[in-house]
Structure formats: C-alpha cells, structure tokens
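# Residue-level structural notes
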There are 2 protein chains.
Amino acid sequence: MDEKIFLGEDEIPDKWYNIQADLKTPLDPPLNPATLEPAGPDDLKAIFPMELIKQEMSQERYIKVPDEVLDVYRLWRPTPLYRALKLEKALKTPAKIYYKWEGVSPPGSHKPNTAVAQAYYNKQAGIDRLATETGAGQWGSALAFSTSFFDLECTVYMVKISYEQKPYRKILMKEWGADCIASPSNITQAGRSILEKDPESTGSLGIAISEAVEDAATHDNTNYSLGSVLNYVVLHQTIMGLEAKKQFELIDEYPDALYGCVGGGSNFAGGVFPFVGDKITGKKPDLDVVACEPMACPTLTKGLYTYDFGDTARMTPLLKMYTLGHDFVPPPIHAGGLRYHGDSPLVCKLVKDGDIRAQAYYQNEVFEAASMFSKTEGFLLAPETAHCLKAVIDEALRCKESGEEKVLYFLNSGHGHFDLASYDAYHQGKLVDYEYPAELVKQSLANLPDTGGK
Amino acid sequence: MDEKIFLGEDEIPDKWYNIQADLKTPLDPPLNPATLEPAGPDDLKAIFPMELIKQEMSQERYIKVPDEVLDVYRLWRPTPLYRALKLEKALKTPAKIYYKWEGVSPPGSHKPNTAVAQAYYNKQAGIDRLATETGAGQWGSALAFSTSFFDLECTVYMVKISYEQKPYRKILMKEWGADCIASPSNITQAGRSILEKDPESTGSLGIAISEAVEDAATHDNTNYSLGSVLNYVVLHQTIMGLEAKKQFELIDEYPDALYGCVGGGSNFAGGVFPFVGDKITGKKPDLDVVACEPMACPTLTKGLYTYDFGDTARMTPLLKMYTLGHDFVPPPIHAGGLRYHGDSPLVCKLVKDGDIRAQAYYQNEVFEAASMFSKTEGFLLAPETAHCLKAVIDEALRCKESGEEKVLYFLNSGHGHFDLASYDAYHQGKLVDYEYPAELVKQSLANLPDTGGK
C-alpha cells in the first residue's frame, strides 16, 4: 500500500476555487475604516493591485492560475498526500488518516501558495516593492522567497520579540533578498506612537500590520501584502485542497472528516474549502469539518461575530468575523501563527452558518500529539499544525472504540525546524497551558468599533 | 518541461549496488589496530553485527534491501530528481543541470539511507542500543530518527563545540528519543583522558568516534554505528544513485559529469557509484566524476594515500585511504560535515586509480554559489552540499563559453535550515577563506602509524 500519493506536474490545478460562488448568502462587505460605510475597490487600491481586489470580491467559482505563478509552484507542487500508516498502526485505529504535506516548499509551509501569486499580480501592476508584517517569520520568509522570483523589493516588519528570539527566519528572509525590520520601528508613525508610549514594547502582529499598511499607503509603487484572512489569500490557498481532491480520486477515497489549524484561517480554508463546497452544495452533506485553534486565542470558539479592524492602529478596513477584539494580545503560546484576534471572514461565516465546527486545545496536549507524530511518521511539525493533529488523533482513538473505519484528512501545513526551542520547552515540562483569558477578552471587546448594528 | 522527475513507491530499488564487484583490483583490507595485521570479521564483531561485516567485505554486485528497511524508506523515498531550469536560466548556460534532492527526508539529509539499514541489522542481531558520534548533528539526528522505528536505544556523542553552539540538532535527537552527550565526556576512558589534559577541550570528530567505539566495545548488547567512510555505508547510500539512474532513463538522459561533496564520502559515493560502475566497466568511459571538498580540509587533493586510523585515540581499524593524519584538526569552516581527516577507502581508491577527480574550494565562493541557488531554485542548501554546487556552476559557465550542452548532475544531499548562522556570517562578510594548513598537516602526517610498507 502506498504511503504517498503523487500527482504529475501537469496535474497541478490551473484554476483556484472561490467558495464565494457557493455560499448560501453572500459575505457582508468590508467597511471603510474612516466612514464605516461599505468599502469598494477604490478604498483598497492604495495598498492592493486591482486584480487582487477583483478576486477579493469575485463571485466566480473558478479563477485561472496565471502561467507565471504555476511556473514557480512547480518548484515544489504538487505536494504529496500521505497516508499516515505508521501513525494509524501506533494508534491501533481502524480509521484511515491522510495528510497533505506542505513542508516540502522551500520556505517550509503553505504560505508561498499565496505569496507567489501576490508577488506576481503586484509586479504586473507595476509595483516595485511590497511591505508586509510577520510574527514568527513563516509569512515574511514566504513573501521574501516569492518576491525574489519577480524582481520585487520586499520589506518585512517582524514582531520585535520574534526578531530577537528567532533569528533564523530573519536570516532566511535576508538570504532571499528582503529587508527585515523589528516592529515597532521608528520608520512609521504607527511604530513611533507605540514607542513613545512604551519604548520597551516587544511588538504584536496588530502593530506590525499597522506599520506595513502605513508604509504601503505612504510610498509610491509600494503595496501591502497580507498572508492570511482575506478572501483572495484563501482563494490562492485552495490549490492545496484541489490537489488533495484529485489525489483522493486517484485512490477512490473521499474524507469523512477534515481538519486544519486556524490562525488567520488561510491554510485551513485552502486545505478544506474544495471539499466544503461539496458540503454546502448538498453533494456531501455529512462532512465533518473541524477548525482547530489554541485555548489561549480561541477566536472561533469564544469570539464575537461582528465587524472589527484587522490591526491595532485601526487602519485596515473592518471585516465581519469572529473576533476577540483588535486590542487583544494573546498569551505567549509557541504557535505564534495562531495568535491573531480575528479570522478569515469566509471561515467565520461558515462557522456561523454551522457548516464548520471549531475546537480549542492546550499547548501540552498539542505538543504531545506532535511528538507522537515525529516518532511514527518521522516529520517534525510546526506547533501551529500540531493543533489539528491533536484533533485527528482524538477522533482516531474514538474510532478505535467504536470500530469505525472513517477517513480522516488534515492539512499538514509545515515543518517545525525553526520551532525546536518550543519542543525543548515541552520536553522540559516548561510549557504553560494558558486558560482562556476571559477578562482580557472582555476588556478588548469593550473597544470594538460601533458600526451601528451592521 | 517538468522540473521534477518522480518515481512511484514500487520503483524504489530493492537492491543496493556494491561497486567492489566492479573494481579492477580489490580494496586493500582494513588492519587490526593492535597487531596492524589484516583484520577479519572477528576483529569487527565486538562493535558491528555480522550482516554489516559481511556487507563490508562482500564482492557481490547487488545486495537485497530488506523489506523492513524499504518500509521506512517509503516515508520519503523515492526522492525527486530536479531539473534546475531556473538556475540554468540565471546562468544563461546551454548545459542541463539535474540534482537529486535528499532534503525531503525527515532528518533533512541523505544520512537516514544508511541509518535505517544499520538500525535494522543491529535490531535483527539482538542489539538493544547503538552508540555513535556526530559533529554538527546531521548524522546523530538521522540515527536517532532511525532507531525510533526499531525500538532501539541510541546514545550520541556530539562534539562539544557543536553541542553548545548548535542546540537545534540536539533537541531534534531528543525528540526522536536519543540520548545526546557532549564530547569529550567523563563517561568514557577516551573522554576522561582528553579532559585530564585539557578540561576546556571543545572536542573533535576523532575524539567523539573514540568515545562511541569505547562505549560499544565495553557494553553488552551495544554496537557502534558510523555514518560514513565504511563500505557498507556507501553500499546503503547507493539507493540514491540507483534511483537517479532510473529517473534519467525515464527522460532518456545520461549525465556527462557528476558532482558530490566529500566529507567521509558516503553521500558522494551513494549518488554517483551506480554511474561510476558504468565508467569502470567500460560502458561510459568518458564520464567526468568530481569529488568536491573544502580547501581547509583537502583530504583527496592534498592527503597521503596510506593506512591510517579513523579516530584520534587509535581505536578503530586502520583503513587505506587519503588522509591528512588522524591528529589533524581542520580549521573551523562552517561545513562541519566535511571536517574529517580521512575518506571512504572506496572513494580514495577510485581517485587513486584516476576514475574520479577531486577539487577543493574556499568558503566564500561556496556560499556565493549557495546564495545563487536559493534565489533561483528556492531551496536553502547545507554548506557541505554547496561545495559541489560551486563546481557545477563553474562547469555550467564554462559550457556557456564553449556552447556545450552537457548534462550535469549533482547530489543535493540536504537542507541548510540549521546552518542559517553560517549564511548570516557570509552575508556579513565574516567568513574566513582558510588556506590549506600545510604545516599542521605535515605535523599530523608525521604521526602516521608505521604499517611496514602496507
């Protein structure tokens, strides 16, 4: 029995899947941050190229992947779909476990699926430089990698605590030609105003977004690039789920339950939306779709479904989503990529509609799952990814009790080669299982913008 | 045109290739370290299982890969053969550049190809624990990974300076269940005698080998495991070259020139020997086969072809090889895996016979090549591997001048995710181009054992 299901290079899907075409009711529109009125293309064109704005609002079911993007994808795509035979054996489960392995990309995660596309569209629009933010560095290194193929400059605002504690990702960005700046910086007004209040600020993703957006908005030929949350990011990431669907067809299987970790939502959505489309259009009504998040930042399980800003300085358009409040600073869990107060509006709507369910996990149980994986399947997972692995293992053990031969599928979004300090902390028993910070969230939600009932 | 040539899982070769069967004259035998007489199986059985000793001495052309080993190989094998189209384009060369990419294995290098086999044969022989040494940690983590599949304990003596400066590989070994000890340690007589002379010793590969060999020789049910140099290690690594040959057949190509980096010689040999077999048996007499090494440790280009010990404490059998002397401590280049005084006797013999040529490179030109690769092909290479990339780029540029459409192939042995500090030093202009340390080598060669003209 094969453990890896491969596709040929000519089988990389040449269209992305846009789930907006299949939603029962349309998404609520973004709101202009100044007027709080629905934002149109003109509100976004200061920082995004028109092709991406069109994709953000498109209702077309399929959107063509440009040849130039496919050409870069071919460096690592199609990625393998694995059958986790050795994990199944260790669990003694009758369930079949499959995972889509995105760790084979040069930056080591799913992030370049959209970074390459964003670099391409910005280059086409005559842009010379992209500005972005990064937390632990996954997104920043993916954008640095991608801009190097399209001769674009790249400036990355990296959350200062990560900049200082995780030097490897920073060096990787430099190796791919990007300029990496610790945030808050004194380069932007947003950064300076934070530093005036707190010169020792270690930064946050919300602050870094504010800096990158300001950089893009105030410089000619510079645009802003975002690694998750937005509809077009989710769109580009569906390349993973579309490939996985073809791979399941090859072996005549279809998953019963689908799992992914959720920070901003793009890896989860990209891995599962082509299947979720079958659910919401009635072809596969019984699919169980599970979004996995940290207890320390439980946006989908504990957040409020309402309009909120994407950043701390209230510069981004407002999005209708589950949110813990744009002021919320999550406890310092090691899965840095999941420390975001909001989530993709598409994922949030599907959770709200009951098509996707969400579950939250503690750090130690997540690392325990990751450690079982590295001893059975060999690969060392990113702590973010390990959140959905924990859910898969729980379900596989439940199937062992019930005797169900369910087909479980999860999106294995990347390796943990730069997260070994977290594994060390886990083995030393130093990981804190942060409880849901209810009081902090309450304070943060009190600062939500008043959108007059929208 | 496809950039990746894949094989199916059922196309993993089920036999390794033993080049001893095709040598014009047989290898000189190893010598017993005490008597300096030719060593037989009995001299080795205190630290190796009989199946591996048989493979070490076998003259059979093909040796079956056990099913249990193939089962673990399937986690990442067959590995892709890449056509480096984007590198070719950047070089504007008419040469075709192919590389075999071993960075997809869980430990990130070619090392598990033999580590899995060694773990298997030792388990079959009733062994409970393996002891080994590691420099920067590639080999130690590969053996830790491999022993986890066969329920063996694993003790790794890691050169102290790496143990302290490169904590990530150490944590990775622990994650896979191994015990990692800084060498010199006070656990072994070999370690204690070094520490008595120099309590601040930062260790060396030669010392760490002495400790691991002593550990194995003095404990029941414990064997020693070596990650390179020996004939059976080279044998296991030929899985790479055999796959590559099938992949070239699929696209109806055959390389004109073959490149690999050489530390102990196993990745080079494993990648090229199935082709070299065609050269020495007359099928492809014109093949250009190039072994690439560092100027700071130029074993093949500057060493003496004679019998020497593999370790500092003179505990291992003597091997006939190019050597810089077992006392030689190379300058601290970042390609830690190439800092070894000797080389595989098989590789050395073929260099001596003129079937393989060797070239030495400086650090900065090697990192310059690696940096060009990450900006074109995307992948960040290990500094060791980058040595042969430098040779390939030089040849591709020569082909540009001459207009030759040569087919170049190199063994891309692993990623550099744990070597980013070296890249940082390169970008900061802090890398030293160590000259050949002629005086040190002269002193070291003066301490060669007197084998009476053998």
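Description of the structure in this document. (Residues numbered from 1 in each chain as written. Chains lettered and ligands numbered in written order. Predicted model: local features only at pLDDT ≥ 70, side-chain atom pairs only at ≥ 80, totals over all residues. Heavy atoms only, no water.)

Another point: the overall build of chain A. Scanning chain A for helices and strands turns up 18 helices and 15 strands. Against the 2.2 N^0.38 benchmark of 22 Å for 454 residues, chain A shows a C-alpha radius of gyration of 20 Å, consistent with a compact globule. Taking the principal axes of its C-alpha atoms as reference, chain A extends roughly 60 × 50 × 50 Å. Counting the 454 residues in chain A, one finds 66% classified as buried. By sequence separation, contacts in chain A at least 24 residues apart represent 77% of the contacts at least 6 residues apart. Surface summary for chain A: the accessible area is close to 15,400 Å², and the carbon and sulfur share equals 49%. The centroid of the 45 positive side-chain charges in chain A is displaced by 3 Å from the centroid of its 63 negative side-chain charges. (Helix = DSSP H or I, 4+ residues; strand = E, 2+ residues; numbered from the N terminus. Rg over C-alpha atoms; globule rule 2.2 N^0.38 Å. Buried < 20%, exposed > 50% of the residue type's maximum accessible area, 1.4 Å probe, protein only. Contact = heavy atoms within 4.5 Å. Areas by Shrake-Rupley, 256 points an atom, 1.4 Å probe, with all protein chains shown as cover. Lys, Arg positive; Asp, Glu negative; His and termini not counted. Charge placed at Lys NZ, Arg CZ, Asp CG, Glu CD.)

Before going further, it helps to spend a moment on the packing of aromatic side chains. Enumeration according to the criterion identifies 50 aromatic pairs over all chains in this entry. Both rings, one in A:Y168 and one in B:Y168, keep their centres 5.6 Å apart while their planes meet at 55°; by these two values the pair is tilted. Of this pair, A:Y168 sits in helix α8 (residues 167-175) while B:Y168 sits in helix α8 (residues 167-175), placing the two residues on different chains. You'll find A:Y168 and B:Y168 in the same group, each marked buried. Taken together, the aromatic side chains of A:Y82, A:Y99, A:W101, A:F373, A:F379 and A:F410 make up a single cluster linked through ring pairs. The ring of A:Y254 carries A:K284 above its face, with NZ or CZ at 4.3 Å from the centroid. Lying across the ring of B:Y163, B:K170 places its NZ or CZ 4.1 Å from the centre. (Phe/Tyr/Trp six-rings, centres within 6.5 Å; stacked < 30°, edge-to-face > 60°. Lys NZ or Arg CZ within 6 Å of the ring centre and 35° of its normal.)

Another point: the relation of the copies chain A and chain B. Taken as rigid bodies, chain A and chain B are interconverted by a rotation of 180° and an axial shift of 0.0 Å, the fit giving an RMSD of 0.0 Å. A rotation of that kind, with that shift, is consistent with a two-fold axis. Counting the interface residues of chain A, we find that 100% of their copies in chain B are interface residues as well, pointing to one common contact surface. (Least-squares fit on C-alpha atoms with pLDDT ≥ 70 in both.)

A word on helix α14 (residues 345-352) of chain B. All names here are of chain B. For α14, a buried count of seven out of eight residues is recorded, marking the element as mostly surrounded by other parts of the structure. Among the residues of α14, those classed as buried are P345, L346, V347, C348, K349, L350 and V351. Looking at the buried positions of α14, the neighbouring elements they touch are α11 (231-250), α12 (266-280), α13 (299-302), β12 (304-309) and β13 (318-323). Looking one or two residues beyond α14, the residue adopting positive phi is G354, at roughly 85°.

Along any regular strand, the residues point their side chains to alternate faces of the sheet. All names here are of chain B. Among the six residues in strand β5 (residues 96-101), five count as buried, and that is most of the element. Relative to β5, strand β4 (residues 81-83) runs antiparallel, the two sharing three bridges. Paired with L81 across the bridge in β5 is K100. (Pairing = 2+ DSSP bridges.)

As a further point, take the interface of chain A and chain B. Contacts between the two partners involve 45 residues from chain A, matched on the other side by 45 residues from chain B. The largest share of the area that chain A buries against chain B comes from A:L75, A:Y168 and A:E175, three residues that together contribute 17% of it. The interface formed by chain A and chain B contains four salt bridges. Between B:D71 and A:K86 there is a salt bridge; the shortest N-O distance is 3.7 Å. There are 25 residue pairs in polar contact (both at pLDDT 80 or more) connecting chain A and chain B. Listing elements by their share of the side of chain A that touches chain B, those giving two or more residues are α3 (67-73), α8, α15 (363-376) and α17 (420-427) of chain A. (Buried area = accessible area lost by both parts, 1.4 Å probe. Salt bridge = Lys/Arg side-chain N within 4 Å of Asp/Glu carboxyl O. Polar contact = N/O pair within 3.5 Å; in protein donor to acceptor, adjacent residues only side chain to side chain.)

To continue, consider the nonpolar core. Counting residues in hydrophobic clusters, the biggest one holds 268 residues, and the most contacted among them are A:W16, A:Y73, A:F273, B:W16, B:Y73 and B:F273. B:C297, B:F328, B:L445 and B:L448 belong to the second largest nonpolar core, which has six residues in total. (Core = buried A, V, L, I, M, F, W, Y, C linked by side-chain atoms within 4.5 Å.)

On to unusual backbone geometry. Trans peptide bonds make up most of the peptide bonds, and negative phi angles are found at most residues other than glycine. Between B:R77 and the following residue, B:P78, the backbone shows a cis peptide bond with an omega angle of -5°. Here B:P78 shows up in the loop between α3 (67-73) and β4. Of note, the bond from B:S183 into B:P184 is cis; its omega dihedral lies within 30 degrees of zero at 5°. By secondary structure assignment, the location of B:P184 is in the loop between β8 (179-183) and α9 (189-197). You will see that A:R314, though not glycine, has its phi angle at about 60°, which is positive. The residue A:R314 is located in the loop between β12 (304-309) and β13 (318-323) in this model.

Residue and element names in this part refer to chain B. If you walk through the whole model with that rule in mind, you get 50 salt bridges over all chains. R77 is the salt-bridge partner of E102, the closest N and O atoms lying 2.8 Å from each other. Residue E102 is located in the loop between β5 and α5 (112-124), and its partner R77 is located in the loop between α3 and β4; the two are separated by 25 residues in the primary sequence. R77 carries the same exposure label as E102, and that label is buried. When the shortest N-O distance is used, the salt bridge between K349 and D353 registers 3.5 Å.

This part takes up the sheet that holds strand β15 (residues 407-412) of chain A. One open sheet holds the seven strands; their spatial order is β1-β4-β5-β15-β10-β11-β14 (chain A), and the pairing between them is mixed. The open sheet terminates on both sides in strands that have one partner only, identified here as β1 (4-5) and β14 (357-361) of chain A.

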